[in-house]
Amino acid sequence: MRRAPVQQRSTERLARILDACGELLDETGYEQLSTRAVAARAGVPIGSVYRFFSNKRAMADALARRNLDSFVERVTHRLAALDASDWRGVIDAVLDEYLAMKRSVPGFALVDFGAQIPLGKRPLPGDPAPADPASDPNHRIAGRLTALLAAHLGRTPDASLHRTVLVAVEATDALLQLAFRTHASGDPGIVAETRELLRAYLARTLD
């Protein structure tokens, strides 16, 4: 973002811009997205969009980061009601909140927690690794989840736990892509298998 909002009015205007961006991503896709269309949908002058973002890629990135912050808030709220010894309940809550956002949050299906361009493209074998691992969406979410899990379960957020969480995130990402390719709302059978795989893999670390 070019600048962060300071006043409440600016914060609300930014929220409308990002809401409009998400809606238009679902309706038209990334290629047809434009800053002018976002401004019109949000009901703000085009200059207001450029005050925050230099182009549509920057908007998509900001939407992804807002998604991640919202996801962490939702998971944190769920964890407050769970016993610290119930790591399986914690994992279920994380997966359930992701699925809920995937099914209901505008634009989430394309950008989720990190915009790949073309949107929705995942790295393939042989693709160069990002210069900064923190810029990779799955590294980003693994870092946030490692901190959440460690705090809730009384674990040390060390490199070993982060690696375990990263592997779980990567596996879940691939399987849920399959689930949503198979069925618009996520194939229930594949989602159930994903849940079982996560529990079996994480048991060796969290039991």
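Going by the structure above, here's the rest.
A few points on the structure.

The rules behind each value
Throughout this description, residue numbers start from 1 for each chain and increase along the sequence as written. pLDDT decides what is reported in this predicted model: residues at 70 or higher carry local features, side-chain atom pairs at 80 or more are listed and counted, and totals for whole chains, interfaces and linings draw on all residues regardless. Values reported for side chains reflect all heavy atoms of the structure, with hydrogen atoms and water molecules removed beforehand. Labels follow the DSSP assignment, with helices taken as runs of H or I lasting at least four residues and strands as runs of E lasting at least two, numbered in each case from the N terminus. Contacts were defined at the residue level, with two residues in contact if any of their heavy atoms lie within 4.5 Å. Working definition of accessibility: Shrake-Rupley area with a 1.4 Å probe, residue cover restricted to the visible protein chains. Expected span of a helix, by definition, is 1.5 Å for each gap between consecutive residues, and there is one gap fewer than residues. Partly exposed residues are those whose accessible area sits between 20% and 50% of the maximum for their type, while under 20% is buried and over 50% is exposed, using a 1.4 Å probe and protein chains only. Remark: nonpolar core denotes a set of buried residues (Ala, Val, Leu, Ile, Met, Phe, Trp, Tyr, Cys) joined through side-chain atoms within 4.5 Å. In protein, a polar contact requires one atom able to donate a hydrogen and another able to accept it; more generally it is a pair of N or O atoms within 3.5 Å, and residues adjacent in sequence count only if both atoms are side-chain atoms. In this scheme Phe, Tyr and Trp rings, the latter by its six-membered ring, pair at centre separations within 6.5 Å, and the angle between planes marks the pair as stacked below 30 degrees, edge-to-face above 60, and tilted otherwise. Comment: the charge-over-ring label is applied if NZ (Lys) or CZ (Arg) is within 6 Å of the ring centre and within 35 degrees of the ring normal.

## What to know about the overall build of the protein chain
Now for step 1: Of regular secondary structure, the protein chain possesses nine helices and zero strands.
Now for step 2: The long-range fraction of contacts in the protein chain, counting pairs at least 24 apart against all pairs at least 6 apart in sequence, stands at 65%.
Now for step 3: Counting only carbon and sulfur atoms, one obtains 54% of the accessible surface of the protein chain, whose full area is about 10900 Å².

## What to know about helix H1 (residues 8–28)
Now for step 1: For H1, spanning 21 residues, the distance from its first C-alpha to its last is 30 Å, which sits close to the expected 30 Å at 1.5 Å a residue.
Now for step 2: For H1, the set of buried residues is Leu14, Ile17, Leu18, Ala20, Cys21, Gly22, Leu24 and Leu25.
Now for step 3: Next to the buried residues of H1 lie helix H2 (35–42), helix H3 (46–52), helix H4 (56–79) and helix H6 (108–111).
Now for step 4: Looking at the residues trailing H1, positive phi occurs at Gly29, about 85 degrees.

## Description of the nonpolar core
Now for step 1: Phe71, Trp87, Phe113, Ile141, Leu145, Val165 and Leu176 are the most contacted members of the largest nonpolar core, which totals 36 residues.
Now for step 2: Every element with two or more residues in this core is listed here: H4, helix H5 (87–104), helix H7 (137–153), helix H8 (159–182) and helix H9 (188–206).
Now for step 3: Apart from residues lying up to four places away in sequence, Phe71 is in contact with Val94, Glu97, Tyr98, Met101, Phe113, Ile141 and Leu145.
Now for step 4: Counting 23 residues, the second largest nonpolar core, distinct from the first, contains Ala20, Leu24, Tyr30 and Ala58.

## Considerations on the side chain of Asp92
Now for step 1: Mapped onto the elements of the fold, Asp92 is located in helix H5.
Now for step 2: Classification of Asp92 as buried rests on a relative accessible area of 16%.
Now for step 3: A distance of 2.4 Å separates polar atoms of two side chains, one belonging to Asp92 and the other to Arg199.
Now for step 4: Aside from chain neighbours lying at most four places away, what touches Asp92 is Arg195 and Arg199.

## Here we look at the packing of aromatic side chains
Now for step 1: Tallied over the full model, the rule gives five aromatic pairs.
Now for step 2: Relative to Phe113, the ring of Phe71 has its centre 5.0 Å away and its plane inclined at 45 degrees; by these criteria the two rings are tilted. Of the two residues, Phe71 is situated in helix H4 and Phe113 in the loop between H6 and H7; the sequence distance between them amounts to 42 residues. By the burial criterion, Phe71 is buried, and Phe113 matches it.
Now for step 3: A ring pair is formed by Tyr98 and Phe108, whose centres lie 5.4 Å apart and whose planes are at 65 degrees; its orientation type is edge-to-face. You can see Tyr98 sitting in helix H5 and its partner Phe108 sitting in helix H6, a full 10 residues away along the chain.
Now for step 4: Connected via pairs of aromatic rings, a cluster forms that spans Phe71, Tyr98, Phe108 and Phe113.
Now for step 5: Seen from the ring of Tyr30, Lys56 lies directly overhead, with NZ or CZ sitting 4.5 Å from the centre.
Now for step 6: Above the ring of Phe180, the side-chain terminus of Lys102 is found at 5.1 Å from the ring centroid.

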